[in-house]
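Report on the structure
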Number of protein chains: 2
Amino acid sequence: MDDKYFITRRSVRRYSDKKVSRELLDSILREAMKAPTCGNMQLYSVIVTRDEEKKKELAALHFNQPAATGADVLLTICADYHRFTRWCEINGGYPAYDNFLSFTSAVTDAVILAQQIVTIAEMRGLGTCYLGTVTYNAPKISELLHLPEMTFPIAAISIGYPAEEGEETERLDLSGVVYDEEYPELSDDMIRNIYKVKEEFAPNKKFVEENGKENLAQVFSDIRYPRSLNEPVTADLLEFMKKQRFL
Amino acid sequence: MDDKYFITRRSVRRYSDKKVSRELLDSILREAMKAPTCGNMQLYSVIVTRDEEKKKELAALHFNQPAATGADVLLTICADYHRFTRWCEINGGYPAYDNFLSFTSAVTDAVILAQQIVTIAEMRGLGTCYLGTVTYNAPKISELLHLPEMTFPIAAISIGYPAEEGEETERLDLSGVVYDEEYPELSDDMIRNIYKVKEEFAPNKKFVEENGKENLAQVFSDIRYPRSLNEPVTADLLEFMKKQRFL
């Protein structure tokens, strides 16, 4: 392994035509499944999308972002208490996983698995990118992939051989994110100081200009993730949570 | 790196007295922060607990499990929209992250970070263990660590130099968890077959016997994670979600 892998890694949004072999994909998934899991229950499922037609339909639900349309493989990683609950019922148990606590356990399991897949795939020379859009269209994605009750698609990853290096992105300083012993009272000045690194990052400055906003914070809150988007999507998500029996 | 790391890794629940240096801990955290994050917003915080008194109090909220009481470092990884929201407000934006969609984004960010910390720490020779108890006592842990509104402690990790190899654990076969193109209709027989590997794993057989149950599924559903535990904890969690403004 390259010792610098973790500190230099980048997400990849453009892929070459080269196919990912089934053997490689399976070995990545098999190794990733050794990641920690709550009570060793493995509260997750992975749907592999490779069929071209299905990929088009799924990519559309990810707003046809290039990272979705151009990838050889799309993985949808689901928090899954369906399979486990069925197993308990078949065996005469009284499973009680139709609740929010269980949702948090399954979501944690699924995201741990997702990140392990990303790390292993990248270490093997593949490029990956999370599609954060998965939660925006969770109900429709679930319909397309036939996800049953007590599942929730919490992470989506595109995988392929990289056709680009991946964009450099800035990160906050450790002191802005890691707190000793307790969460500090953050003054306005401290917060300004924490985010300065983002505000001064050249691509972000360009981003502010292009969006005609006063500053980067406004681009995030008023354009990229505004109330007009978050609130209707949340309404759908809460309905979906009830349908899936997690609320 | 050991090529076999991912497939052979185990969680460690007993630690030696050797201290983890601040330098090592910081370098692990700094590298982990290069993991993917939603819109590069870094919707997480890490509370580092090393003070002996605080560690005792925190370990008690993890039911004093040995993995918590004996570790040099406890990390509480929080989904965090507090800091980001404050930054937007200070800059004249109109942040709208007090909703469930934003909760899922921040939780995903936090768990990705947690798993990256685990992988890097283990690759450096440290032992780690997730404390799934974090969500059971999320309200009390938040009080102890002074977590503000719009944060949620979603993952806790103990870290130290290992005093044991870690227990071997079994995993389901890939075919039981990874599905091509869509979620299959799982017949009872298919489910029995998927979980056979767990039922036949020797330590699990002993576990069933010790608990006086008919089978492993019943141990999970009726003893380890029963309704009498999940439902009251969920009631507290939902209250807490409202207090934190995510519901």
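Look above for the structure.
Below is a summary of the structure that appears in this document.

This brings us to unusual backbone geometry. Even without a glycine there, the phi angle at F63(A) is positive, about 60°. Looking at where F63(A) falls in the secondary structure, it is placed in the loop between helix 3 (52-61) and helix 4 (66-69). Assessed through its relative accessible area of 54%, F63(A) is described here as exposed. The backbone phi angle of M150(B) is positive, close to 65°, even though this residue is not glycine. With respect to the secondary-structure elements, M150(B) resides in the loop between helix 7 (138-144) and strand 4 (151-160).

So, about the sheet that holds strand 4 of chain B. Read from one edge to the other, the open sheet built from 5 strands follows the order 5(A)-1(B)-2(B)-4(B)-3(B), with strand pairing classed as mixed. In the strand order of this sheet, the two ends are held by strand 5 (178-180) of chain A together with strand 3 (127-130) of chain B, each with one partner. Averaged over all adjacent pairs, the angle separating strand axes in this sheet is 25°, with direction ignored. Where strand 5 of chain A meets strand 1 (residues 44-49) of chain B, 3 bridges bridge the pair, whose relative direction is parallel. Note that in strand 1 of chain B the partner of D180(A) across the bridge is V48(B).

Moving on to helix 2 (residues 22-32) of chain B. Burial in helix 2 of chain B covers these residues: L24(B), L25(B), D26(B), I28(B), L29(B), E31(B) and A32(B). Considering only its buried residues, helix 2 of chain B is in contact with helix 1 (5-8), helix 8 (174-177) and strand 5 of chain A together with strand 1, strand 2 (73-80) and helix 6 (100-123) of chain B.

So, about the environment of Q244(B). All names here are of chain B. Inspection of the secondary structure assignment puts Q244 in the segment after helix 12 (227-243). For Q244, a relative accessible area of 2% gives the class buried. Separated by 93 residues in sequence, Q244 and T151 have C-alpha atoms that sit 6.5 Å apart. Excluding its chain neighbours within four sequence positions, the residues that come into contact with Q244 are L147, P148, E149, M150 and T151.

With that settled, consider the relation of the copies chain A and chain B. Its rotation angle being 180°, the transformation that places chain A on chain B also includes 0.0 Å of axial translation and leaves an RMSD of 0.0 Å. The transformation relating the two chain copies, once decomposed into turn and shift, fits a two-fold axis.

We now examine the side chain of N91(B). Tracing the sequence through the fold places N91(B) in the loop between helix 5 (82-90) and helix 6. Beyond its immediate stretch of four places on either side in the chain, N91(B) contacts R192(A), E199(A), N215(A), A217(A) and Q218(A).

Contact residues are listed per partner, giving 110 residues for chain A and 110 residues for chain B. A combined buried area of about 10500 Å² lies between chain A and chain B, and 61% of that area is made up of carbon and sulfur atoms. When the buried surface of chain A facing chain B is broken down by residue, W87(A), E181(A) and Y183(A) rank first, second and third, together holding 8% of it. Applying the counting criterion to the chain A and chain B interface returns 8 salt bridges. The residue D180(A) makes a salt bridge to R22(B) at a minimum N-O spacing of 3.1 Å. Inspection of the region where chain A meets chain B yields 73 residue pairs in polar contact (both at pLDDT 80 or more). Counting residues per element, the side of chain A that touches chain B draws most heavily on helix 6 (residues 100-123) of chain A, which supplies 14 residues. Residues that form the side of chain A that touches chain B fall into these classes: 55 nonpolar, 29 polar and 26 charged.

Cut-offs used in this document
Residues numbered from 1 in each chain as written. Chains lettered and ligands numbered in written order. Predicted model: local features only at pLDDT ≥ 70, side-chain atom pairs only at ≥ 80, totals over all residues. Heavy atoms only, no water. Helix = DSSP H or I, 4+ residues; strand = E, 2+ residues; numbered from the N terminus. Buried < 20%, exposed > 50% of the residue type's maximum accessible area, 1.4 Å probe, protein only. Pairing = 2+ DSSP bridges. Axes fitted to C-alpha atoms, helices over the stretch in contact; angles between N-to-C directions. Contact = heavy atoms within 4.5 Å. Least-squares fit on C-alpha atoms with pLDDT ≥ 70 in both. Buried area = accessible area lost by both parts, 1.4 Å probe. Salt bridge = Lys/Arg side-chain N within 4 Å of Asp/Glu carboxyl O. Polar contact = N/O pair within 3.5 Å; in protein donor to acceptor, adjacent residues only side chain to side chain. Nonpolar A, V, L, I, M, F, W, Y, C, P; charged D, E, K, R; others polar.

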